[in-house]
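# Structural description and commentary
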Amino acid sequence: GAWPDTVYYCDRLGDQDCGSAEIYCPPTASSTNSFPDLAISQGSNFQPYFYLIARGLPTGSLAYFVGSQAETQVALGLGQLCVGPRFLRLGAPTLAGSTGQSAVQVQRLPAVGSAMFLAFEDWRFQAVYRDLDSSLNTSSALRYRFCPL
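These lines cover the structure that appears in this document, whether it is placed above or below. Given the structure is predicted, the values throughout are model-derived calculations rather than measurements.

## Observations regarding the environment of L57
- Tracing the chain through its elements places L57 in the loop between β3 (49-55) and β4 (62-68).
- Through-space distance from the C-alpha of L57 to that of L132 is 9.8 Å; in sequence the pair is 75 residues apart.

If you want it as structure tokens, here you go:
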């Protein structure tokens with residue numbers, strides 16, 4: 001199926017800023033002169049998973065997604081890695097399709113060897129991709145506060 005085109009942010013508890021997302025750490029231009037950004041989609045049914053969606057990637061580029069509760073800014077290839085210093089790689093690498101999008105579904109609930117994203121925790125996410133000229137590059141980074149399920 002197609003990845004969600006719209007980004008839905010849950011905000012069931014008002015003053016807790018749950019579901020709030022903020023883009024930080026701007027992307028570097030790709031080899032096709034696009035500036036890839038990152039979005040999160042949790043769906044409207046408060047499901048136990050969410051999608052990270054990198055948009056504006058060069059078609060055919062290989063991307064993987066990383067997440068951390070910490071924030072940094074260090075050079076990585078042509079871009080800036082803005083999650084970490086300790087980060088998790090989320091899901092398997094994916095190829096950007098003809099629309100320039102790459103996405104990964106991430107489970108919120110714990111599984112053996114995986115992260116658990118708890119209500120009201122702030123996490124940072126970013127896509128790292130192999131550009132068409134074989135260099136590493138990064139999308140913008142996203143800061144997100146999780147809602148209770």
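Text resumes after the structure shown.
## Observations regarding the sheet that holds strand β7 (residues 88-95)
- If you trace the five strands from one edge of the open sheet to the other, you get β1-β10-β9-β4-β7, paired in antiparallel fashion. A single partner strand is all that each edge strand has here, and the edge strands are β1 (21-24) and β7. On average, adjacent strands in this sheet sit at an angle of 20 degrees to one another, irrespective of strand direction.
- Here β4 pairs with strand β9 (residues 122-130) via seven bridges, running antiparallel. Pairing of S68 across the sheet is with R124, part of β9.

## What about unusual backbone geometry?
- The omega torsion of the bond from G84 to P85 falls at 25 degrees, within 30 degrees of zero and hence cis.
- Looking at the element boundaries, P85 is found in the loop between β6 (79-83) and β7.
- A positive phi angle is found at C25, which is not glycine, with a value near 60 degrees.
- Locating C25 in the fold gives a position in the loop between β1 and β2 (37-41).
- With a relative accessible area of 8%, C25 lands in the buried category.
- Although it is not a glycine, S134 sits at a positive phi angle of roughly 75 degrees.
- Examined against the element boundaries, S134 turns out to sit in the loop between β9 and β10 (136-145).
- Judged by its relative accessible area of 51%, S134 is exposed.

## Quick notes on the nonpolar core
- In this structure, F50, L52, F65, F117 and F125 are the most contacted members of the largest nonpolar core, which totals 20 residues.
- Secondary structure elements with two or more residues in this core: β2, β3, β4, β8 (102-107), β9 and β10.
- Ranked by residue count, the leading element in this core is β9, at four residues.

What counts, and where the lines are drawn
Residues numbered from 1 in each chain as written. Predicted model: local features only at pLDDT ≥ 70, side-chain atom pairs only at ≥ 80, totals over all residues. Heavy atoms only, no water. Helix = DSSP H or I, 4+ residues; strand = E, 2+ residues; numbered from the N terminus. Pairing = 2+ DSSP bridges. Axes fitted to C-alpha atoms, helices over the stretch in contact; angles between N-to-C directions. Buried < 20%, exposed > 50% of the residue type's maximum accessible area, 1.4 Å probe, protein only. Core = buried A, V, L, I, M, F, W, Y, C linked by side-chain atoms within 4.5 Å.

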